[in-house]
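Analysis of the macromolecular model
In case you want the letters, here they are:
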Amino acid sequence: MKLSQTNGPLFPYYHDSITETLAHLRRAGFRYVDVSFFNRFVRGSRYWGDPRPIIDEYLRAFDALGMTPVQCHEPAGNSLGDDGGEYYMRKTPAAMKIAAAIGVPSMVVHPGDSPVPMTHDQMIEANVRAFRRLMPVAEQYNMKILLENMVEFAPDTADDLIAIGELGLAGECRASSFGELRIREARRLGFENIILPKKKR
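Residues numbered from 1 in each chain as written. Predicted model: local features only at pLDDT ≥ 70, side-chain atom pairs only at ≥ 80, totals over all residues. Heavy atoms only, no water.

1. What about helix H4 (residues 120-140)?
The end-to-end C-alpha separation of H4 is 31 Å, in line with the 30 Å expected for 21 residues at 1.5 Å each. Its axis deflected by about 30° at leucine 134, H4 carries its strongest bend there, up to four residues before the proline proline 136. All of the buried residues in H4 are Met123, Ile124, Ala126, Asn127, Val128, Ala130, Phe131, Leu134, Met135, Val137 and Ala138. Backbone geometry just after H4 places asparagine 142 at a positive phi near 55°. (Helix = DSSP H or I, 4+ residues; strand = E, 2+ residues; numbered from the N terminus. Expected span 1.5 Å × (residues − 1). Bend = angle between axes of the 7 residues up to and from the residue. Buried < 20%, exposed > 50% of the residue type's maximum accessible area, 1.4 Å probe, protein only.)

If you want it as structure tokens, here you go:
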């Protein structure tokens, strides 16, 4: 097991310094990091410019601190937002480009939340369409996409998982989201990172 922590919440305390956020985690004992792009792609951010300085700073810090990235989190956004998810679809591929260049193998993505009411099935279908837009980018950079289920999007049946599993997505599923679905069935569908529900004592 590789115990990791994200550097995202630390940026405000270190004036947006990548190196200092990673050094903080290293002092706390972490050798593995979940790289956060969550609040990086805001308007006016340097992340919208040439990515090379950001890539270089991460690589130098990883080398100096003896740290390894194990995954990353997408930029904040909504793939089903009022703009049809266009702003999100600009940010997330840009983050994938940086992530791939610094050796991150996987990106956690959050399902979109529709501004208009949807049924459960409609929410599944809308999110699958959004994820499909990311697949060519993930394939270009040889990255996995990890799905964190939340909002009204909860893959809790075999049919739901098949709809997502057919995309080739690995599933990062929160506790109890699988309900009574057999773990063997989930793995057959391609879900590699499964968090089991905690048993009540």
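Continuing now.
2. Describing the pairing of strand E3 (residues 68-73)
In the sheet, strand E2 (residues 32-36) pairs with E3 via five bridges, with the strands oriented parallel. Its bridge partner lying in E3, serine 36 is registered against histidine 73. Handedness of the β-α-β unit built from E2, helix H2 (residues 52-65) and E3 comes out right-handed. Two elements, E3 and strand E4 (residues 106-109), share two bridges in a ladder whose sense is parallel. Bridged to histidine 73 within E4 is valine 108. Note that the unit made of E3, helix H3 (residues 86-101) and E4 has a crossover that is right-handed. (Pairing = 2+ DSSP bridges. Right-handed = clockwise from strand over helix to strand, strands pointing away.)

3. Some words on the side chain of serine 17
Residue position: serine 17 is located in the loop between strand E1 (4-6) and helix H1 (18-27). When its relative accessible area of 19% is taken as the criterion, serine 17 is described as buried. Leave out the neighbours within four places in its chain, and serine 17 touches Phe11 and Glu57. (Contact = heavy atoms within 4.5 Å.)

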